[in-house]
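# Fold and contact review
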Amino acid sequence: MLMFRSGCLFLLFQEVQSYAWMSNFKAPSFENFLQSAAGSKFGDKKLVVITGTSSGLGLATTKALLRTEKYHVVGAVRNLDKMRVVAEEEGFNMEHFTPMHLELASFASVHKFVEELEQFRGDRPIDRLACNAAVYQPTLNYPKWTEDGHEQQHQINYFSHFLLTSKIMPMMQGSDDARICMLGSVTGNDNTVGGGGVYPIADLKELDGLELGCKKPIAMMDGYNFNGAKAYKDTKLACMMTCNMLHERFHRSTGIAFSSVYPGCIAETPLFREKRPWFRQLFPIFMKYVTGGFVGEEEAGQRLFQVLHDPRCRKSGVYWGWNGGPREGREDSLEKGGQISGAGGAGGGWDSIFENDQSDKVLNKDLMMKLWEYTTEITGAEWPKAYQPKSPCPTLKLIEAVTSVLGVLEERARMEASRQGEGAKIVADRSAPKEERRKYLEQMLLELDKTPEDPKQLEADMLLTSGVSPVVERRREGSDPITKPLAQEAVAVLDDPFLEEEIENEPPQMIPGHELLGDTPVVFQPQNVMTMARVGQPLSEVAKQADVFIKYQCRKGECKTCAVNIDGFQRWVSACQQRIEAQAPGEHFAVRVRPVSEKQKRKEKAAFFSPESISDGFWNNAWGMFGLVTEGAKSGDDFAVRMERERRIMELTEKKAKSTFKSLRGAQADSLAGQGEPVEQDGIQQKLGSAATFGVLGFMIAVVQRLGA
């Protein structure tokens, strides 16, 4: 009878499957017509959503995208009037740019924006999302709160972008090149001077504040007292960690490329609007001539544009940076307006992009999981439950259909057998002490234990499951064959002048504590050590994690200084460019590293303190200070021009807002006066005319607006 029922269910399943293609079919409706009309107007342009496009990096990136005429940009801003003024000032082609209201200080506004975006995009997928908008309040000694009860920097910079990402990801289905980019910062990456050498340091500690809701009066994610500058840095650290988690959970199943980016210190951006005037005037000069970290708005916009546009940036799980290496040539910077070569220095072009290293804090997997869990709870974000796609194999689908019912019955029987007697109630009671629940669970499972008592049987079973292959020795006449485990053989290495040491014959040893660092074992030879890594993780990062020394030079894969052997020591690759590749079950990623003497290691590590480096550092800093003094003295004019532009934009915005308010108020007054109703001049108490007439009029206006969109 059971087989008969299973057969009937299988036939019914097959019948339903034959109509599965209709699941994507939408019946003709006015709503579908509006969506189709909205989607078709974009032509072959990709849809890009950028938060904070009215100034700074977001504005510069939007200009770069629109210049290509390959994108339609949706500018998510909190002040639509200002955005329209800026778009007019910059000469935006409004056929390719659509401003939409988004107040990141409000979760309700995020939900409303997503609903409007869903209607606007029609049948087209979203191709890019750039989480750019941010506020910076370093001078405040008390927190400002949002309508949701969170500290402003935390909600605007991080929480709302986290929620927005979860809402927009489903809209990316169907895109052949979907990318989500979050703005990181050197201040959130403490393996650099800017992030690890300037107080306060980004540090989420144990996330006590976030675990407890991070709501007023809890302002900081770490649960300690408020610090405005640290709050900003913590949000950038959280954004970078979230990007890594998004990559691990969703990249393979969705195809979306998740990345974070640090375009350089945009010292002239309105992000520093809350800083004192003298700071806003001198900070760009300091970053140009002393630290070399300055980058202009246009160049920074070009960098974020590159991550959204360049085919090379389809990689996921990357923290993008520009101009790797030491800063050089500061004596020439006076003639080049502060441009120098090296890390963070403006002047690096399209080809200076590289995959930047992330700090231990950013890569802390345990903290990353907590951050994800607590932020999801706070924001109410909803994520897909299945992270990996199922195989489209028809044989697999057939087997699943046949065995699905039997599988459910078998699993139910297994679970019921494991929960019999009084102990079942105690184990199910999660409020009971763990030790008591464990004791009763052990008792129930021991009653079901089928471990054989025969020692020979146990030994044979252990041999079968040990992973060691048995071999049969050649037997003498009249004797029985002797079976014993095959000893692990040394891996044969190709003849190579750089690889002189022999590989150890003993099995590689896992470094204590590294078992939980990833899902793919990586073995380094001739060190004969093993660590765990994630698929896609940079090999250079894994080598550092395992304390395996590899000499680097160009960091671009061109000089071959860091060449290592992989693929069973059959293939040469550059360690600075190589990433950990997926392995078959039971296999490990093997890396053969060039031998390096202890003297070379000491020389490499001490190079920073060599007389040559000290001399170069002295003259570089001397030229930097000279540039700061000479250029700072004449920086007033440039500063005045920037401040005047910001003031003029605000004046035009206020004028536009007043004009819009007056026109709306006048239209409302005319409408009510035409219905013969009295209108009070203060606009506080107004009586509406016929509700039915007003409803019809509102419906017609909504239809016209949608068709116009």
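Our subject in this report is the structure included herewith. Keep in mind that what you see is a predicted model, and the values were worked out from it rather than measured.

Attention now moves to the overall build of the chain. Along the chain, the regular secondary structure elements total 21 helices and 16 strands. Here the chain holds 709 residues, and the buried ones make up 41% of them. Taking contacts inside the chain between residues at least 6 apart in sequence as the whole, the part at least 24 apart equals 68%. Carbon and sulfur atoms make up 55% of the accessible area of the chain, which totals about 40800 Å².

A few words now on the packing of aromatic side chains. Counting across every chain of the model gives 10 aromatic pairs. On the basis of an interplanar angle of 65° and a centroid distance of 5.2 Å, the ring pair of Phe 42 and Phe 120 is categorised as edge-to-face. Residue Phe 42 is located in the loop between helix 2 (30-40) and strand 1 (46-51), and its partner Phe 120 is located in helix 5 (residues 107-121); the two are separated by 78 residues in the primary sequence. By relative accessible area, which is 4% here, Phe 42 ends up buried.

Before going further, it helps to examine the pattern of salt bridges. Scanning all chains against the criterion turns up 21 salt bridges. A salt bridge links Arg 312 to Asp 310; its shortest N-O distance comes to 2.9 Å. The exposure class assigned to Asp 310 is buried, which follows from its relative accessible area of 4%. As a salt-bridge pair, Glu 355 and Lys 315 come within 2.7 Å of each other at their nearest N and O atoms. Of this pair, Glu 355 sits in strand 8 (residues 353-355) while Lys 315 is found in the loop between helix 11 (297-309) and strand 7 (318-322), placing the two residues 40 residues apart along the sequence.

Glancing now at the environment of Leu 102. You can see Leu 102 is positioned in the loop between strand 3 (97-101) and helix 5. Exposure remark for Leu 102: the relative accessible area of 3% places this residue in the buried category. Once the C-alpha coordinates of Leu 102 and Lys 112 are considered, the two residues, 10 residues apart in sequence, prove to be 8.1 Å apart. Ignoring sequence-local partners within four residues, the contact set of Leu 102 consists of Thr 51, Ala 76, Val 77, Arg 78, Ser 109, Val 110, Phe 113 and Leu 164.

Before going further, it helps to spend a moment on the sheet that holds strand 6 (residues 257-261). Spatially, 3-2-1-4-5-6-7-8 is the arrangement adopted by the eight strands of the open sheet, whose pairing is mixed. Of all strands in the sheet, those bounded by a partner on one side alone are strand 3 and strand 8. When strand polarity is set aside, the average angle formed by the axes of neighbouring strands in this sheet is 25°. Across three bridges, the pairing between strand 7 and strand 8 is antiparallel. Counted as the bridge partner of Trp 322 is Ile 353 from strand 8. Taken strand by strand, helix 6 (residues 152-168) contacts strand 1, strand 4 (128-131) and strand 5 (179-183), and its axis lies near 175° from that of strand 4.

So, about helix 4 (residues 80-90). When helix 4 is considered as a whole, its buried residues turn out to be Asp 81, Lys 82, Met 83, Val 85, Val 86 and Ala 87. For helix 4, the N-terminal cap is Asn 79; the gap from its side-chain oxygen to the backbone nitrogen of Asp 81 is 3.2 Å. Among the residues trailing helix 4, Gly 91 stands out with phi positive, at a value near 70°.

For the pair helix 5 and helix 6, the least separation of the axes is 10 Å and the interaxial angle reads 35°. Crossing hand, helix 5 versus helix 6: right-handed. For the pair formed by helix 5 and helix 6, the contact residues are Phe 107, Val 110, His 111, Phe 113, Val 114 and Leu 117 on the first element and Gln 155, Phe 159, Ser 160, Leu 163, Leu 164, Lys 167 and Ile 168 on the second. Among the residues making up the contact of helix 5 with helix 6, the classes are represented as nine nonpolar, three polar and one charged.

The residue Asp 234 is located in helix 9 (residues 228-254) in this model. A relative accessible area of 0% means that Asp 234 is categorised as buried. The residues touching Asp 234, leaving out its near neighbours within four places in the chain, are Ile 201, Ala 202, Asp 203, Leu 204, Met 220 and Met 221.

In this structure, Thr 242 sits in helix 9. Residues within four places of Thr 242 in sequence aside, it is in contact with Tyr 158, Phe 162, Met 182, Leu 371 and Trp 372.

Looking now at the pairing of strand 14 (residues 563-566). Taking every second residue as pointing to the same face, both faces of strand 14 are buried, with Ala 563 and Asn 565 on one and Val 564 and Ile 566 on the other. Bridge analysis of strand 14 against strand 15 (residues 571-574) gives four bridges, and the strand direction is antiparallel. Looking at strand 15, one finds that Asn 565 is bridged to Trp 572.

It helps to recall that an α-helix has 3.6 residues per turn; residues three or four apart then point in one direction. Buried residues dominate helix 3 (residues 56-68), accounting for 11 of its 13 residues. Among all positions of helix 3, only Gly 56, Leu 57, Gly 58, Leu 59, Ala 60, Thr 61, Thr 62, Lys 63, Ala 64, Leu 65 and Leu 66 are buried. Backbone geometry just after helix 3 places Glu 69 at a positive phi near 60°.

Analysis parameters
Residues numbered from 1 in each chain as written. Predicted model: local features only at pLDDT ≥ 70, side-chain atom pairs only at ≥ 80, totals over all residues. Heavy atoms only, no water. Helix = DSSP H or I, 4+ residues; strand = E, 2+ residues; numbered from the N terminus. Buried < 20%, exposed > 50% of the residue type's maximum accessible area, 1.4 Å probe, protein only. Contact = heavy atoms within 4.5 Å. Areas by Shrake-Rupley, 256 points an atom, 1.4 Å probe, with all protein chains shown as cover. Phe/Tyr/Trp six-rings, centres within 6.5 Å; stacked < 30°, edge-to-face > 60°. Salt bridge = Lys/Arg side-chain N within 4 Å of Asp/Glu carboxyl O. Pairing = 2+ DSSP bridges. Axes fitted to C-alpha atoms, helices over the stretch in contact; angles between N-to-C directions. Polar contact = N/O pair within 3.5 Å; in protein donor to acceptor, adjacent residues only side chain to side chain. Left-handed = near helix turned anticlockwise from the far one by under 90°. Nonpolar A, V, L, I, M, F, W, Y, C, P; charged D, E, K, R; others polar.

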